[in-house]
Structures are given as C-alpha cells and as structure tokens.
Amino acid sequence: MANLRKNILDKGFIQVIGYLGSDVIPVNAARVSFGGSITELRKRDLKLMDFLAKHKHHSPFRHQTVCLNVKAPEFVMRQWYKHVVGAETTSNSFVKDHAWNEISGRYVPVAEYYEPVIFRKQSKDNKQASEGQIEDQEEALKLWRDTDRLLKESYQKLLDMGVAKEQARCILPLNQYTEVYWTASFQAIANFIELRDKPDSQWEIRQYAIALYEIIEELYPHTTKSWFENS
Ligand SMILES: Cc1cc2nc3c(=O)[nH]c(=O)nc-3n(C[C@H](O)[C@H](O)[C@H](O)COP(=O)(O)OP(=O)(O)OC[C@H]3O[C@@H](n4cnc5c(N)ncnc54)[C@H](O)[C@@H]3O)c2cc1C
C-alpha cells in the first residue's frame, strides 16, 4: 500500500487500517450468478462495471470494504454519523450495520481542539453555508482562543477536583477532536463523497471527503473512475 494516511485540517487524519478486495470484485460479484470469474480486468469488464454503476446495480460495489481510522473534530463527526450505512454484515434489521467505534471521553480526557485558519462569512442565500471571509480575522481568532482557553482550563480544574470525566466533558466545545474506526463498503464511501464533497457541504467535512476520494482512487482506481463517471 502506498501512502494511505492523509493528514487533514490542523490535527486530523484518515488512516487506512485495512481493505478487502480489488478492482475485479464488482465484475466477479456481478458475474457470479452465471459462474464466471476473472483475475485481471479486460476492456469488456470495464464496460460491465460502467453499466453497473450507470444503471444503479449497486450491490456488486458493496464487497470492497475499507477499515479506516479517522481523527476529526466532533462537529465533523456529527455530520459523518448521519451516514448510517457502513458495511452490511446482517440483514435481520432495517438499520444496517453502522460499523462505528469511537474513543470515549468517559475514559480518556479530551486533549486536542481544532482551530480554523480562516474565519468564513455567513452565506446570505444559504442559511447553512459560508462564503468568503469576515474582515476582522484577528479579533475572531482572539475570541476563539480566549473561549477555548477558558473552557480547557475549567475542564482541567473540574478533573483536578475529582469530577468524573464523563461529566466534566459536557462543558467542552464541538471543536474537540475525536477518533473513530469506520468500516464501510465502496458504495457507502462513494455515497459519502458524493454528498460531502460538494459546495453546499461544510468546508471541514469536505476536506475529509476529498481525502477519502484519493484513498479509494488509490485502492480501487478502476472502480472509482467507473463509479464517479457513470453513477
Ligand atoms: C449539505 C448537507 C446538509 C445536511 N443537513 C442536514 C440537517 O440539517 N439535518 C439533518 O438531520 N441531516 C442533514 N444532512 C444529513 C442528510 O440528511 C443525510 O442523513 C446524510 O447525508 C446521510 O446520507 P445518506 O442517507 O445517503 O447516507 P447513509 O445513511 O449512509 O445511507 C446510504 C444510502 O442507503 C440508502 N438507505 C439508507 N437508509 C435507508 C432506509 N432506511 N431505507 C431505504 N434506503 C436507505 C439510501 O439510498 C442512502 O442514500 C445533511 C447532509 C448534507 C450533505
């Protein structure tokens, strides 16, 4: 595996822990019904993959699976957690396997926080979005850091007083970093990228989506090309 760790934002990252399958998987999965299988992609296999992606025959894209270790600010993870379909391993529930595990602030004191480089302006026509930059970057940074410092100090003081970590953490802001394992199929990852690498997505989660694209492109170059050109 080449460089399968991407550093993101000031302290975040996505690290590939492991992955299953290669570019031949969607084609072999699609053809299993009539008993054929290949080890190297031919021109007609690429055509079949394009056909599958284009006509939403998506199940063959669920066998390539990637296990990721992600470090991201909590406000990014709150958006990411909305993606509930990871890798399906059971079908006895309508809620598919979430495939998430996260570091616990009940065990581990929170230590790291995200700090933006640029303070973006509230968008005028999209209530959720940002555009451009505010003028007084310096004042915004000062306010951010003052608040950050106060909250961190208060959190530490509560811990020093013997307050339980599970309770003390409740005063912490959403820029605290968290770390998770996420295992997801190619399709689930592609769906995440399609929704989160878009101008209407928040800039920070978009950086993770861009990095994820680079990762699956490295792991499954033909599948990635076929999916994003056809689906
Ligand atoms: C720009 C943006 C703004 C957003 N704003 C908000 C917001 O304000 N509030 C909010 O709550 N959420 C918000 N979301 C989250 C959004 O509503 C989705 O929950 C999130 O993007 C996950 O997408 P998904 O359902 O496709 O992914 P997954 O949950 O991973 O699902 C993947 C796919 O599986 C299929 N699927 C999943 N569950 C079912 C099911 N029960 N039945 C049938 N098919 C299913 C669907 O095809 C789905 O696309 C926002 C998302 C974006 C990108």
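For the structure, check the block above.
In what follows, the accompanying structure is described. Remember, it's a predicted structure, so these values are computed and weren't measured experimentally. (Residues numbered from 1 in each chain as written. Predicted model: local features only at pLDDT ≥ 70, side-chain atom pairs only at ≥ 80, totals over all residues. Heavy atoms only, no water.)

1. Structural notes on a negative patch on the surface
On the surface, Glu135, Asp136, Glu138 and Glu139 cluster together into a patch of negative charge. Of note, Asp136 is situated in the loop between strand S6 (130-133) and helix H4 (137-160). (Patch = residues over 30% accessible without salt bridge, like charges linked within 9 Å, V, L, I, M, F, W, Y side chains within 5 Å. Areas by Shrake-Rupley, 256 points an atom, 1.4 Å probe, with all protein chains shown as cover. Salt bridge = Lys/Arg side-chain N within 4 Å of Asp/Glu carboxyl O. Lys, Arg positive; Asp, Glu negative; His and termini not counted. Charge placed at Lys NZ, Arg CZ, Asp CG, Glu CD. Helix = DSSP H or I, 4+ residues; strand = E, 2+ residues; numbered from the N terminus.)

2. Re the sheet that holds strand S4 (residues 100-102)
Where strands meet in a sheet, backbone hydrogen bonds hold them as pairs that are either parallel or antiparallel. If you trace the five strands from one edge of the open sheet to the other, you get S1-S2-S3-S7-S4, paired in antiparallel fashion. Pairing within the sheet leaves two strands with one partner each, and these edge strands are strand S1 (5-8) and S4. Mean inter-strand twist for the sheet, computed between neighbouring axes without regard to direction, equals 15°. Relative to strand S7 (residues 177-185), S4 is paired through three bridges, and the arrangement is antiparallel. Counterpart to Trp100 in the pairing with S7 is Trp182. Sitting on the sheet, helix H6 (residues 186-196) touches strand S3 (65-73) and S7, and the angle it makes with S7 is about 125°. On the sheet, helix H7 (residues 203-219) packs against S1, strand S2 (12-20), S3 and S7 and is oriented at approximately 30° with respect to S2. (Pairing = 2+ DSSP bridges. Axes fitted to C-alpha atoms, helices over the stretch in contact; angles between N-to-C directions. Contact = heavy atoms within 4.5 Å.)

3. Let's talk about the pattern of salt bridges
Considering all chains together, one arrives at 13 salt bridges under this definition. Salt-bridge contacts for Lys142 lead to Asp146; the nearest nitrogen and oxygen are separated by 2.8 Å. Pair noted here: Lys142 and Asp146 are both in helix H4, with a separation of four residues, about one helical turn. In this structure Lys142 comes out as partly exposed when scored by relative accessible area, which is 47%. Arg206 is paired through a salt bridge with Asp197; the nearest N and O atoms lie 2.9 Å apart. Classification of Asp197 by relative accessible area gives partly exposed; the value is 28%. What emerges from the salt-bridge pattern is a single network uniting Arg31, Arg42 and Asp45. (Buried < 20%, exposed > 50% of the residue type's maximum accessible area, 1.4 Å probe, protein only.)

4. Observations concerning the packing of H7 against helix H8 (residues 221-230)
Where H7 meets H8, the closest approach of the two axes is 5 Å, and the angle between their N-to-C directions is 125°. Taken together, the axes of H7 and H8 are oblique relative to one another. Residues Tyr213, Ile216, Glu217, Glu218 and Leu219 of H7 form the contact with H8, whose participating residues are Pro221, Thr224 and Phe228. For the contact of H7 with H8, a count of residues per class yields five nonpolar, one polar and two charged. (Parallel < 35°, antiparallel > 145°, perpendicular 65-115°, else oblique. Nonpolar A, V, L, I, M, F, W, Y, C, P; charged D, E, K, R; others polar.)

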